[in-house]
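Report on the structure
The chain contents come next:
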Amino acid sequence: MLPCSVEKVKKTIGEISIMKAYERLLNYVKIDTPSDPASETVPSSKCQFDLANLLVEELKALGVENAEIDEKCYVYASLPATEGYENCKRLGFIAHMDTAPDFNGCGVNPEVISNYDGKDVILGESGRVLKVKDFPHLADMEGRTLITTDGTSLLGADDKAGIAEIVSAIVYLQQHPEIKHGKIRVGFNPDEEIGMGA
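Residues numbered from 1 in each chain as written. Predicted model: local features only at pLDDT ≥ 70, side-chain atom pairs only at ≥ 80, totals over all residues. Heavy atoms only, no water.

1. Re the packing of helix α3 (residues 48-61) against helix α4 (residues 157-175)
- One way to put it is that α3 packs onto α4 with a least axis distance of 12 Å and a crossing angle of 15°. If you check the angle between α3 and α4, you find them roughly parallel. Like other packed secondary-structure pairs, α3 and α4 cross with a definite hand, here right-handed. Only Lys160, Ile163, Val167 and Ile170 of α4 make contact with α3, whose side of the interface consists of Leu51, Leu55, Glu58 and Leu59.
- The residue inventory of the contact of α3 with α4, partitioned by class, reads six nonpolar, no polar and two charged. (Axes fitted to C-alpha atoms, helices over the stretch in contact; angles between N-to-C directions. Helix = DSSP H or I, 4+ residues; strand = E, 2+ residues; numbered from the N terminus. Parallel < 35°, antiparallel > 145°, perpendicular 65-115°, else oblique. Left-handed = near helix turned anticlockwise from the far one by under 90°. Contact = heavy atoms within 4.5 Å. Nonpolar A, V, L, I, M, F, W, Y, C, P; charged D, E, K, R; others polar.)

2. Remarks on the sheet that holds strand β3 (residues 91-96)
- What the four strands build is an open sheet, ordered β1-β2-β8-β3; its pairing is mixed. The open sheet terminates on both sides in strands that have one partner only, identified here as β1 (68-69) and β3.
- Along the sheet, α4 contacts β2 (75-79), β3 and β8 (184-189); its crossing angle with β3, the most-contacted strand, is approximately 145°. (Pairing = 2+ DSSP bridges.)

3. Concerning unusual backbone geometry
- With an omega of 0°, the peptide bond between Val42 and Pro43 qualifies as cis.
- Mapped onto the secondary structure, Pro43 falls in the loop between α2 (21-28) and α3.
- A cis geometry characterises the amide bond from Asp158 onward to Asp159, with omega recorded as 15°.
- Note that Asp159 resides in helix α4.
- A positive phi angle, close to 80°, is found at Cys73, a residue other than glycine.
- Note on placement: Cys73 falls in the loop between β1 and β2.

4. Thoughts on the nonpolar core
- Ranked by size, the top nonpolar core spans 32 residues in total, and within it Leu59, Met97, Ile163 and Phe188 carry the most contacts.
- Elements with a contribution of two residues or more to this core: α2, α3, β2, α4 and β8.
- Residues in contact with Phe188, not counting those within four places in the same chain, are Leu55, Leu59, Cys73, Tyr74, Val75, Ala95, Met97, Ile163, Ile166 and Val167.
- Formed by six residues, the second largest nonpolar core is a distinct cluster that contains Tyr116, Leu123, Val132 and Leu146. (Core = buried A, V, L, I, M, F, W, Y, C linked by side-chain atoms within 4.5 Å. Buried < 20%, exposed > 50% of the residue type's maximum accessible area, 1.4 Å probe, protein only.)

5. So, the packing of aromatic side chains
- This model, assessed by the stated rule, comprises one aromatic pair.
- Between the aromatic rings of Tyr74 and Tyr76, the centroid separation amounts to 6.5 Å while the plane-to-plane angle is 15°, which identifies the pairing as stacked. (Phe/Tyr/Trp six-rings, centres within 6.5 Å; stacked < 30°, edge-to-face > 60°.)

Listed below in structure tokens is the structure:
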């Protein structure tokens with residue numbers, strides 16, 4: 001397994017607060033987090049702590065002071081209810097940090113394809129191609145931005161895209177206090193891909 005490198009994705013507080021969800025995704029997928037079905041530990045791979053620790057740092061930098069990680073690599077955080085909404089139903093958001101062990105999940109090199117032309121997508125120099133004939137829905141994406149890998153690894157969007165969306169939602173709620181809500185809880189877990197962490 002390649003060494004995990006969190007340093008390459010650390011940002012300043014100002015950068016963290018204005019990032020778009022896809023920018024968060026691009027950072028998170030660069031952190032190696034494959035789960036290990038042969039392991040008997042929780043988490044099954046220690047590198048999942050790299051993403052978990054980064055998420056706690058980010059959440060705290062965003063003002064979510066109660067963000068924490070436990071010894072099993074579960075990340076917890078919450079936003080308090082808007083004043084006067086403490087008795088409203090609570091809402092929970094969860095996503096998993098690990099990537100599937102079925103294919104290489106290390107050394108991810110995401111590629112951004114702006115204004116996609118609706119044709120086959122060549123994945124870097126790997127020789128792999130996403131063919132429209134095999135994935136007909138690709139044609140419907142013409143003109144949009146796609147994020148893929150270079151074909152040498154998984155992307156890890158399952159479920160780092162979910163994490164990016166949740167963190168972005170927290171930022172949005174903090175920046176828009178006019179949106180009233182009950183208490184919001186957040187949980188990021190390890191080892192979902194091997195049926196152990198959820």
